[in-house]
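# Overview (structure and organization)
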Amino acid sequence: MQLNPKALGLTLGLLAGGAWLVLMVVSLTTGVLDQTVQTIGGLHPGFSYTWGGAVWLVGMHLAGGFVGGWVVATVYNKLSA
């Protein structure tokens, strides 16, 4: 069975970006888990605990998730062939 690298990349990118979008919106609007989000977000370059930082973080995870999914699918296809 072959994996589609583009599909896996888009899926992982959307899941990672969507998860951070929900987490940041909930944290910024309610203050729930704000310390946790700030701590984990601080590990990302250019992160700030603002709405702009939320957009930046979501974009980073969309791109990173896509690249990660693409690499996993490509390596899997090479090893399973």
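In this report, the structure presented in the accompanying data block is examined.

Rules of the game
The residue numbering used here restarts from 1 in each chain and proceeds along that chain's sequence as written. Per-residue local features are limited, in this predicted model, to residues with pLDDT of at least 70; the limit for side-chain atom pairs, both in listing and counting, is 80 or more; totals at the level of whole chains, interfaces and linings are taken over all residues. The basis for every side-chain value is the complete set of heavy atoms in the structure, and neither hydrogens nor water enter the calculation. By definition, any uninterrupted DSSP run of H or I lasting at least four residues is a helix, any uninterrupted run of E lasting at least two residues is a strand, and each is numbered from the N terminus. Within these notes, the globule rule equals 2.2 Å times the number of residues to the 0.38 power, and the radius of gyration is based on C-alpha atoms. A simple rule labels every residue: compare its accessible area, found with a 1.4 Å probe on the protein chains alone, to the largest value its type can have, and call it buried under 20%, exposed over 50%, or partly exposed in between. In what follows, residue pairs with any heavy atoms lying within 4.5 Å of each other are defined as contacts. Throughout, the Shrake-Rupley method with a 1.4 Å probe supplies accessible areas, and for residues the shown protein chains are the sole cover considered. Every axis corresponds to a line fitted to the C-alpha atoms, with the helix fit spanning only the stretch in contact, and the corresponding angles, defined between N-to-C directions, vary from 0 to 180 degrees. Angle categories: roughly parallel below 35 degrees, roughly antiparallel above 145, roughly perpendicular from 65 to 115, and oblique for all the rest. Each helix crossing is assigned a hand: it is left-handed if the near helix lies turned anticlockwise from the far helix by less than a right angle, otherwise right-handed if that turn is clockwise. In this classification, the charged set is Asp, Glu, Lys and Arg, the nonpolar set is Ala, Val, Leu, Ile, Met, Phe, Trp, Tyr, Cys and Pro, and all remaining amino acids, among them Gly, are polar.

Summing up its helical and strand segments, the chain has 3 helices and 0 strands in all. Each helix (α) and strand (β) of the chain, taken in turn from the N terminus, gives the series α-α-α. Taken over C-alpha atoms, the radius of gyration comes to 15 Å for the chain, far larger than the 12 Å a tight globule of 81 residues would show. When the backbone C-alpha atoms are referred to their principal axes, the chain occupies close to 50 × 20 × 20 Å. Out of the 81 residues belonging to the chain, those deemed buried represent 25%. Considering only contacts in the chain between residues 6 or more positions apart, those separated by 24 or more positions represent 60%. Within the structure as shown, the chain displays about 5,100 Å² of accessible surface, and the carbon and sulfur contribution to it stands at 75%.

With that settled, the discussion passes to unusual backbone geometry. Phi is positive for Leu33, which is not a glycine, with a value near 60°. Mapped onto the elements, Leu33 comes out in the loop between helix H1 (5–30) and helix H2 (34–41). The class for Leu33 is partly exposed, based on a relative accessible area of 48%.

Let us now look at the packing of H1 against helix H3 (residues 51–80). The interhelical angle for the contact between H1 and H3, taken along N-to-C directions, is 155°, at an axis separation of 6 Å. When the axis of H1 is compared with that of H3, the two are roughly antiparallel. In the crossing of H1 with H3, the sense of the turn from one axis to the other is right-handed. Residue composition of the contact of H1 with H3, by class: 20 nonpolar, 10 polar and 1 charged.

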